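# Coordinates in review
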Amino acid sequence: MTTTEQHTIDSINFTTNDTTISDLLTRQHEISDLQALDALASWDQQTAMPTGASEVRMHQVATLQGLIHERATAPEIGSLLEQLADKVQVAPFTDADRGLYEKVKRDYDMSTKLPRELVEEMARVSSASVDAWVKARATSNFALFSPWLKRTVDLQREVADRFGYQENRYDALLNIYEPGLTVRKVEQLFEPVRAVSTTLLRRIQESGKQISTACLEQSFPVEKQMELSEKALRTIGYDFERGQLARSAHPFTTSFGAPSDVRLTVRCDEHFLQMSLMAALHEGGHGLYEQGCSPSLVRTLLANGASLGAHESQSRLWENAIGRTIPFWQGKFHILKEVFPEQFEHVDVETFVRALNKVEPSLIRVEADEVTYNLHILIRFELEKALVNGELSVDELPAAWNAKYREYLNIEPANDAEGVLQDVHWTGGFGYFPTYTLGNLYGAQILHSLQSTFPDFETRLASGDTDFVLNWLRERMHVFGAIYLPEKLIERVTGETPDPQYFVRYLTNKFEQIYGL
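In what follows, the accompanying structure is described. Not measured: the values here are computed from a predicted model. (Residues numbered from 1 in each chain as written. Predicted model: local features only at pLDDT ≥ 70, side-chain atom pairs only at ≥ 80, totals over all residues. Heavy atoms only, no water.)

With that settled, the discussion passes to unusual backbone geometry. In this chain, alanine 91 is followed by proline 92 through a cis amide linkage whose omega measures 10°. Tracing the sequence through the fold places proline 92 in the loop between α4 (75–84) and α5 (95–111). One non-glycine residue, serine 140, lies in the positive phi region at around 50°. As for its placement among the helices and strands, serine 140 is situated in the loop between α6 (116–139) and α7 (146–163). Taking the relative accessible area as the measure of exposure, serine 140 reaches 24% and is therefore partly exposed. Here asparagine 410, not a glycine, exhibits a phi torsion of approximately 60°, which is positive. Mapped onto the elements, asparagine 410 comes out in the loop between α16 (397–409) and α17 (434–453). (Helix = DSSP H or I, 4+ residues; strand = E, 2+ residues; numbered from the N terminus. Buried < 20%, exposed > 50% of the residue type's maximum accessible area, 1.4 Å probe, protein only.)

Below is the structure:
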């Protein structure tokens, strides 16, 4: 056994001879079990639940959330944290012990600031909001969703005020999803992204060069798309003995006890293959992360990604940095021809990959190309911040949304479904969206490390080999779950703190080559 392997084992195992850690783990197991059941209820609601069950599900979820909150804020947990505060920092305690202490303490500090009644009300509103959003989106009628969104805004403001913040109320919500993230940090990290995205888009448009997407816009029966999605997932290492694939209105990944049960969904369009295929690779990246988490962390808060930004780094890495490249599809093109032999009989790899990388301003974030994607995130970041800070009302939101799309992308939604109703995320709150762009930044930096580690990176992909990528990621990132905070984790994986310039160079080099700029 090498020193590195021993260090990894020591890092991910809890101390076995300390009763304080043992007691904390026992309580965490119960909380984790309840959270898994809550996630299962959400999965069912979005994939299989009959529409008539929405009201009773709202109450079930509220009850579960109340129980989770009660267990997570128990005075006994506070006592255990006090006992561990000093001694956990030194030997024989491990990185897993310290990660557990820090994660539980962070969640305990936040949870104890929220009364159970507020937590249950948030759960009821969120559950009902999902149902309202589905109906509103189907009919393109924002008015059906608006009352619930207004209530969510009020609740999120109360949460932010209870958590506290130094500069901006929105900071308190950002910190939920990405520890330590603030508006100031977002703006500093995103400015280079804004600049490269707008500059590249202008250069591509001025070039006048066009890319055909005809090969993606044929007849693709939904059941065959699901077959292709499953094949694509298997070929990158997603384990169906510990996972499942379903359809939903909005693609997502969830787990009911990583690494043992990690599930994902895709969305299909019978005349646009890219929607389901790229969603499969994207959600597959999330799934691989959680399936790679060490079994020693199961049924704890650490059996997850380090943050949503870290999680998104994996989905964007597999979807874009790998899944939209010629070498990757040179090694995997056979699965397309197996499932859709007629549609791809006269299509070569280069034509297919160029179609996947077409740059064109569009209304739908999840279908956006890499050049414009982060502009969609900037729009949501600015709108969320304005809503939370009271600078924008919910009634003004559709018009503000349309104005932002004119400003950033020079396009405008024809209806609410294409515009303000396209994302389900606002049924649960705010502060989530900026983590998508963080994921792009982290992912580009991780890609650079992979390419530096494997000089034959593209050759190996072209041979059909992706195991070397997954194994590298699991050894250096996935296995640690949420033991480390995101910035420290990225530094451990890449040797550097997060740097947006890796993404700037990645995006520029890739699309200058594709468009011959």
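Our focus in this paragraph is the packing of aromatic side chains. For any pair of aromatic rings, the description rests on two quantities: the centre-to-centre distance and the angle between the ring planes. For the structure shown, the criterion picks out 25 aromatic pairs. Both rings, one in tryptophan 43 and one in phenylalanine 256, keep their centres 6.3 Å apart while their planes meet at 80°; by these two values the pair is edge-to-face. Here phenylalanine 256 lies in the loop between β2 (253–255) and β3 (262–266) and tryptophan 43 lies in helix α2 (residues 19–47), a separation of 213 residues in the sequence. The two residues tryptophan 43 and phenylalanine 256 agree in class, both being buried. Judged by centre distance (5.0 Å) and plane angle (85°), the rings of tyrosine 238 and phenylalanine 240 are edge-to-face. (Phe/Tyr/Trp six-rings, centres within 6.5 Å; stacked < 30°, edge-to-face > 60°.)

Moving on, we come to the pairing of β3. Most of β3 sits out of view: 5 of its 5 residues are buried. The pairing of strand β1 (residues 243–247) with β3 spans 5 bridges and is parallel. Each bridged residue has a counterpart across the sheet, and for glutamine 244 the counterpart in β3 is arginine 263. (Pairing = 2+ DSSP bridges.)

With that out of the way, let us pick up empty space enclosed by the protein. The method is simple in principle: a probe with the dimensions of a water molecule rolls over the atoms, and the space it marks as empty is what remains. Counting across every chain of the model gives 2 cavities of 30 Å³ or more. When its volume is computed, the largest cavity comes out at roughly 60 Å³. For the lining of the largest cavity, a count of residues per class yields 5 nonpolar, 4 polar and 2 charged. Approximately 30 Å³ is the volume found for the second largest cavity. Lining of the second largest cavity is provided by Arg316, Asn320, Glu370, Tyr373, Asn374, Asn440 and Phe503. If you list the elements that add at least two residues to the lining of the second largest cavity, you get α12 (308–322) and α15 (370–388). (1 Å grid on protein atoms, 1.4 Å probe; cavity = no way out; pocket = protein on both sides within 12 Å on 5 of 7 lines; lining within 4 Å. Points joined across faces, edges and corners; volume = space filled by probe spheres on them. Nonpolar A, V, L, I, M, F, W, Y, C, P; charged D, E, K, R; others polar.)

Take the sheet that holds β1 next. By way of backbone hydrogen bonds, the strands of a sheet pair with one another, either parallel or antiparallel. One open sheet holds the 3 strands; their spatial order is β1-β3-β2, and the pairing between them is mixed. In this open sheet, the two strands that pair with only one neighbour each are β1 and β2. Strand-to-strand twist of the sheet, defined as the mean angle between neighbouring strand axes without regard to direction, takes the value 20°. This element, helix α10 (residues 222–236), spans β1 and β3 of the sheet and lies at about 150° to β1. (Axes fitted to C-alpha atoms, helices over the stretch in contact; angles between N-to-C directions. Contact = heavy atoms within 4.5 Å.)

Right, let's get into the pattern of salt bridges. A full pass over the atoms with the stated rule returns 39 salt bridges. Salt-bridge contacts for glutamate 158 lead to arginine 162; the nearest nitrogen and oxygen are separated by 3.1 Å. Here glutamate 158 and its partner arginine 162 are both found in helix α7, 4 residues apart, which amounts to about one turn of the helix. For glutamate 158, a relative accessible area of 30% corresponds to the partly exposed category. Looking at arginine 162, the relative accessible area reads 37%, which means it is partly exposed. (Salt bridge = Lys/Arg side-chain N within 4 Å of Asp/Glu carboxyl O.)

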